[in-house]
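The chain contents come next:
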Amino acid sequence: MDALDGNAIGGLLIDVFGTEMTTARSTCATCGASRPVAELVVYRQAPGTVVRCRTCGSVLMVFVQAHGAIGTDLTGLASLSQPDRALSRQRDKAMARMPTSTPTSKGRRKCHTKNPCPWASPTKTPCPWASPAKNPCPWASPAKTPCDATRPASARSEIGDLLMSLRAAKAGGTLGGPRRLDTT
Amino acid sequence: MERTAVRGRLTWQVAKVTSVTPETDSVVTIELDPPDWLGHRAGQHLDVRLTADDGYTAERSYSIASAPGEPVAITVERLEGGEVSPYLTEDLRAGDELELRGPIGGYFVWEPGDGGPLMLLAGGSGVVPLRAILRHRRRSGSDVPARLLYSARTLPDVIYRGELDQDHDGSQVFFTLTRSQPPGWTGHTGRIDQALLTQAAWAAEDGPLAFICGPTSFVETAAAGLVGLGYPPERVKTERFGATGGR
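Each value, and the rule that gives it
- Residues numbered from 1 in each chain as written.
- Chains lettered and ligands numbered in written order.
- Predicted model: local features only at pLDDT ≥ 70, side-chain atom pairs only at ≥ 80, totals over all residues.
- Heavy atoms only, no water.
- Helix = DSSP H or I, 4+ residues; strand = E, 2+ residues; numbered from the N terminus.
- Rg over C-alpha atoms; globule rule 2.2 N^0.38 Å.
- Buried < 20%, exposed > 50% of the residue type's maximum accessible area, 1.4 Å probe, protein only.
- Lys, Arg positive; Asp, Glu negative; His and termini not counted.
- Charge placed at Lys NZ, Arg CZ, Asp CG, Glu CD.
- Expected span 1.5 Å × (residues − 1).
- pLDDT = per-residue confidence, 0-100.
- Contact = heavy atoms within 4.5 Å.
- Core = buried A, V, L, I, M, F, W, Y, C linked by side-chain atoms within 4.5 Å.

Looking now at the overall build of chain B. In terms of regular secondary structure, chain B is built from five helices and 12 strands. Rg of the C-alpha trace for chain B: 18 Å, near the compact-globule value of 18 Å for 247 residues, within the 12% margin. C-alpha extents for chain B along the principal axes are approximately 55 × 40 × 30 Å. Here chain B, with 247 residues, has 55% of them falling under the buried criterion. Side-chain charges of chain B comprise 24 positive and 33 negative groups, with the mean position of each set lying 2 Å from the other.

Let us now look at helix H2 (residues 127-139) of chain B. All names here are of chain B. Taking 1.5 Å of rise per residue, the 13 residues of H2 would be expected to cover 18 Å, and the 18 Å separating its terminal C-alpha atoms lies within 8% of that figure. Burial analysis of H2 places 11 of its 13 residues in the buried class, the great majority of the element. The set of residues buried in H2 consists of Val127, Val128, Pro129, Leu130, Arg131, Ala132, Ile133, Leu134, Arg135, His136 and Arg137. Looking one or two residues beyond H2, the residue adopting positive phi is Gly141, at roughly 70 degrees.

All names here are of chain A. In this model, chain A carries a mean pLDDT of 65, and residues with pLDDT of at least 70 account for 44%. Confidence drops under a pLDDT of 50 for residues 98-160, and excluding neighbours within four residues, the segment shows 56 contacts in the predicted structure. Scored below 50 in pLDDT, residues 169-184 shows 11 contacts in the model against residues more than four places distant or in partner chains.

Here we take up the nonpolar core. All names here are of chain B. Leu148, Tyr150, Leu164 and Phe211 are the most contacted members of the largest nonpolar core, which has 32 residues in total. The leading source of residues in this core is H2, at five residues. Excluding residues that lie within four positions of it along the chain, Leu164 makes contacts with Val127, Leu134, Leu148, Tyr150, Ile159, Val173 and Phe175. In terms of nonpolar packing, the next biggest core, distinct from the first, is built from 20 residues, Leu32, Val48, Ala58 and Ile74 among them.

Moving on to the environment of A:Gly71. All names here are of chain A. For Gly71, the position within the fold is in strand E7 (residues 69-73). Assessed through its relative accessible area of 36%, Gly71 is described here as partly exposed. Each C-alpha atom, one on Gly71 and one on Gly57, is 21 Å from the other, the two residues being 14 residues apart in sequence.

Given below as structure tokens:
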């Protein structure tokens, strides 16, 4: 049985991920080898589609199609990231020519509830971005991730203390106007 | 139904077949007119889906044979006992409809800005996406030097022979015939090996960009050979095809 490569499952991956993924970079959870999906080893004759690491042979992804649904197992991957958005750009250009509706704030809120901030509950580690209405959740905007877990303990306690006092002030109605939280 | 599911998402569509042109005894080029085509890049492929009366479906991927800007075309080789290719090569006629989605793939593609020199290695019908790259190179006026080393069983099995023979605007085409050669054949013979690659491929010092497409064993041999010549692995792009799911 001849093995193919990731180019052969470009269409299947669009079904699963909704975008071009053969240029996405995969990292094997077993050996750590990293390469574009297009270079992975693909077996299509199996009961499903099996994708293996070209370095160590571990199973990275399995797709099983039945009755119009696709079962997906990605547990062999440590990561999968798509830096090349060429095809998406191609489609985006075409979409720009079509009439499109602007995302509403309602839509954005819905998105946020799908990816709740891990620090949203005050009973967990307090986080300066805990209020999604005012400040974006670190998951929603990875560029701004001043999150407790990545900060030194001293900074954490400072931020935590500030936040707790802010919350207490808010709860007690002693906080008038908006105040700037200086986390530097 | 599916096309309306998510706007902008690549979905299946029904294309009209505008022409079916024989290339060899077992290979045809099918030109298509998909109603919703965003344009393709040289080296991409598309998926074709056939649906039987009882609802059974079979999908196959075929490399796009035409350059960006040209009408969409695929080149299909008939595989004996195949499920899809006998229909496409023998029964399909101009005016018929074919369900497809594409273009697909962003890895095995070449743009003039990617540079070269280009080293293209084709095994059998693996020449199809490489022909699209050569045509794109010519149509875009690129001055990137290009070489194609094309391995076929016999001379009548060579696809696009007339076109490749004429292609001399800064590109070179080498044929190697693996099974039999016509009398007086002066080209290469036998499967691609290290000796042939040393002879026909650009030197690694020229900074070539390689694209290899063919059956799995061909691609493995050719890729290992180029890396053996000093080509950086990240400059050697590969695409393998097999009896199912292949081109």
